[in-house]
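Chains, contacts and geometry: an overview
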Amino acid sequence: MTEVTVVGKPDLHGKRLSFALAEDRVAHYPEFRDFFIRTFELDRKGLAEPGYVRAPSGLVYTLVFIGRSGEPFPSGVEIYAIVDALEPVDGETLDQDLWAVLRWMVGGVGEPWTVEDFDRTGRLYRVPAAPTT
Amino acid sequence: MSFPLENALPEEIRAKWPFAPRYADVNGWRMHYIDEGEGDPVVLLHGNPTWGFLYRDMIEPIVRSGRRVIVPDMIGFGLSEKPTREQAHSLDGHAANLTALMRQLDLTRIMLVCHDWGGPTGLSFAMSNPGRLRALTLMSTWAWPMPPAEFHTRIFPWRMMHAPLVGPYLLGRHRALAGRGVYLSVVDRHKFARNAQPAYETVLPDPASRLLTWVWPRWIPLDENARAIERFRWLEQELSRSKLPTLIVWGREDEVFDAATFSNRFKKMLPHAEGPLLVTGRHFLQEDSGPEIADLIRLFLNRLDKKEGVR
């Protein structure tokens, strides 16, 4: 069961977008771009609206897709946490949420990319959010 | 982003890196390098994710043997400027950066020592500026299209580590390569963690500064559509025709660019080369065998001098 779910646009009143992670080359492995196109209907929506996901902490994250002239869309993606406007972000929460979002992404990309390999890679490099077993 | 200044290095790192910092504007970027000693130049090139510090145990012995030693920090690493956009980096661009420095210093009779990405970048410079070269040393690198190694085709851990978004997370937020990645690729890990690991981590202090650590892996060709495939084809072709005196040194325990596959392939391309000479070391063999490698280079150059009647 996934801990990350696609959600609709949240109420942004009193909130701000807190930068979390950016990818300049989302199609380095094209199946990753395909995953985002599929998941957020980007063929239909294009640049019209970002995607939103709810992470395990309960925070909603927005995925802003980036286009570059001459390249298939999207070429990049930025991830922002939607947080209370004047409140700082808790680094540990952010990190665990990002881990969950990336794990969800890898699972959605599908074979030969697996969450097991994602977990193993995180463990190898001792990422705190990676499961220990 | 530029790492502020060399004097921002912690005292314990500066004690191991006592060389005068120099800077040059190369190809639109600010490059840090050191320039020690006098004589024919020996240029020491590092790769991902290290900097000149990798050669700290080799510089003095080579200088003492009557050579000039130049160690540049690749743009994006060490004390050089660190671009913040992936598009700022390319194999050809990095070769051009090095070419600019070599021309500014007007170096000739260069012994070019290539390690990791110092191979494809340095050899691209060498093959396009043969009149400036005297000799080559090749260590744990490659110069042909693909596959670089079976390791690089695997999802765990290599392709996963630099996959979209995963790369910026693991290698950026968590400095997986600059920290633990290097640690895993030396033989004496205890010594490395104590003496060297902080020097690699310190100069890449934040996620943005670590950009090149996940960009370089994406430049390794894995299929016919890879961005650098034509450059590597050219490189293989040109290097195969090269008659430059060459020394091949490899880490006995290198499991990424394993000696049996990689050093032997270089030997086949360059049958006149000396070696492969095996030393204790994994991919970052300079960490385990720096003085020994310096000695091999010194002796090789002495033999070359004798052959050419230099001294």
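Here's what I pulled together on the structure shown here. Note that the structure is predicted; figures quoted are calculated from it, not measured.

Right, let's talk about the interface of chain A and chain B for a bit. Across the contact, 36 residues belong to chain A and 26 residues belong to chain B. Taking both sides of the interface into account, the surface hidden between chain A and chain B amounts to around 3000 Å²; carbon and sulfur atoms contribute 67%. Taken as a group, A:Asp24, A:Tyr29 and A:Tyr125 account for 22% of the area that chain A buries against chain B, more than any other trio of residues on that side. Where chain A meets chain B, there are 3 salt bridges.

Another point: helix α3 (residues 91–109) of chain A. Residues and elements named next belong to chain A. Between its terminal C-alpha atoms α3 stretches 27 Å, which fits the 27 Å expected from 19 residues at 1.5 Å a residue. Restricting attention to buried positions, one finds in α3 the residues Leu-94, Asp-95, Asp-97, Leu-98, Trp-99, Ala-100, Val-101, Leu-102, Trp-104, Met-105, Val-106 and Val-109. Phi turns positive, to about 85°, at Gly-110, one or two residues after α3.

All names here are of chain B. In terms of burial, strand β7 (residues 246–251) is a largely internal element, 6 of the 6 residues being buried. Where burial is concerned, the two faces of β7 agree: the one with Thr-246, Ile-248 and Trp-250 and the one with Leu-247, Val-249 and Gly-251 are both buried. As defined by bridge partners, strand β6 (residues 133–139) adjoins β7 across 3 bridges and the pair is classed as parallel. In the sheet register, Leu-138 faces β7, and the bridge partner there is Ile-248. Pairing analysis gives 4 bridges linking β7 to strand β8 (residues 274–279), with the strands arranged parallel. Along β8, the bridge assignment pairs Val-249 with Leu-277. Handedness of the crossover joining β7 and β8 through helix α13 (residues 259–269) is recorded here as right-handed.

Turning our attention to the side chain of B:Arg56. Residues and elements named next belong to chain B. Take Arg-56: it is sitting in helix α2 (residues 56–64). The exposure class of Arg-56 is buried, given its relative accessible area of 12%. For Arg-56, the side chain forms a polar contact with the side chain of Glu-287, separated by 2.7 Å.

Residue and element names in this part refer to chain B. One can describe the packing of helix α4 (residues 118–128) onto helix α12 (residues 229–241) by two numbers: an axis separation of 10 Å at closest approach and a directional angle of 60°. Overall, the two elements α4 and α12 adopt an arrangement that is oblique. Regarding α4 and α12, the two cross each other, and that crossing is left-handed. On α12, the residues touching Pro-120, Leu-123, Ser-124, Met-127 and Ser-128 of α4 are Arg-231, Phe-232, Trp-234, Leu-235, Glu-238 and Leu-239. Classifying every residue of the contact of α4 with α12 by side-chain character gives 7 nonpolar, 2 polar and 2 charged.

Scanning all chains against the criterion turns up 27 aromatic pairs over all chains. When the ring of A:Phe36 is compared with that of A:Phe65, the centres are 5.6 Å apart and the planes differ by 55°; the resulting orientation is tilted. Separated by 29 residues along the polypeptide, A:Phe36 in helix α1 (residues 30–40) and A:Phe65 in strand β4 (residues 60–66) bring together distant segments of the chain. Taking the relative accessible area as the measure of exposure, A:Phe36 reaches 1% and is therefore buried. Three or more aromatic residues joined by ring pairs form one cluster here, namely B:Trp117, B:Trp142, B:Trp144, B:Trp216, B:Phe232, B:Trp250, B:Phe257, B:Phe262 and B:Phe266. Taking the ring centre of B:Tyr23 as reference, the NZ or CZ of B:Arg30 above it sits at 3.8 Å.

All names here are of chain B. Here we have 8 strands laid out as an open sheet, ordered β1-β2-β4-β3-β5-β6-β7-β8, and mixed in their pairing. Edge positions in the sheet fall to β1 (22–26) and β8, since each has one partner strand and no second. With direction set aside, neighbouring strand axes in the sheet form an average angle of 25°. Judged from the 4 bridges that link them, strand β3 (residues 41–45) and strand β5 (residues 110–115) form a sheet pairing that is parallel. Bridge pairing in β5 places Leu-44 opposite Val-113.

Rules of the game
Residues numbered from 1 in each chain as written. Chains lettered and ligands numbered in written order. Predicted model: local features only at pLDDT ≥ 70, side-chain atom pairs only at ≥ 80, totals over all residues. Heavy atoms only, no water. Contact = heavy atoms within 4.5 Å. Buried area = accessible area lost by both parts, 1.4 Å probe. Salt bridge = Lys/Arg side-chain N within 4 Å of Asp/Glu carboxyl O. Helix = DSSP H or I, 4+ residues; strand = E, 2+ residues; numbered from the N terminus. Expected span 1.5 Å × (residues − 1). Buried < 20%, exposed > 50% of the residue type's maximum accessible area, 1.4 Å probe, protein only. Pairing = 2+ DSSP bridges. Right-handed = clockwise from strand over helix to strand, strands pointing away. Polar contact = N/O pair within 3.5 Å; in protein donor to acceptor, adjacent residues only side chain to side chain. Axes fitted to C-alpha atoms, helices over the stretch in contact; angles between N-to-C directions. Parallel < 35°, antiparallel > 145°, perpendicular 65-115°, else oblique. Left-handed = near helix turned anticlockwise from the far one by under 90°. Nonpolar A, V, L, I, M, F, W, Y, C, P; charged D, E, K, R; others polar. Phe/Tyr/Trp six-rings, centres within 6.5 Å; stacked < 30°, edge-to-face > 60°. Lys NZ or Arg CZ within 6 Å of the ring centre and 35° of its normal.

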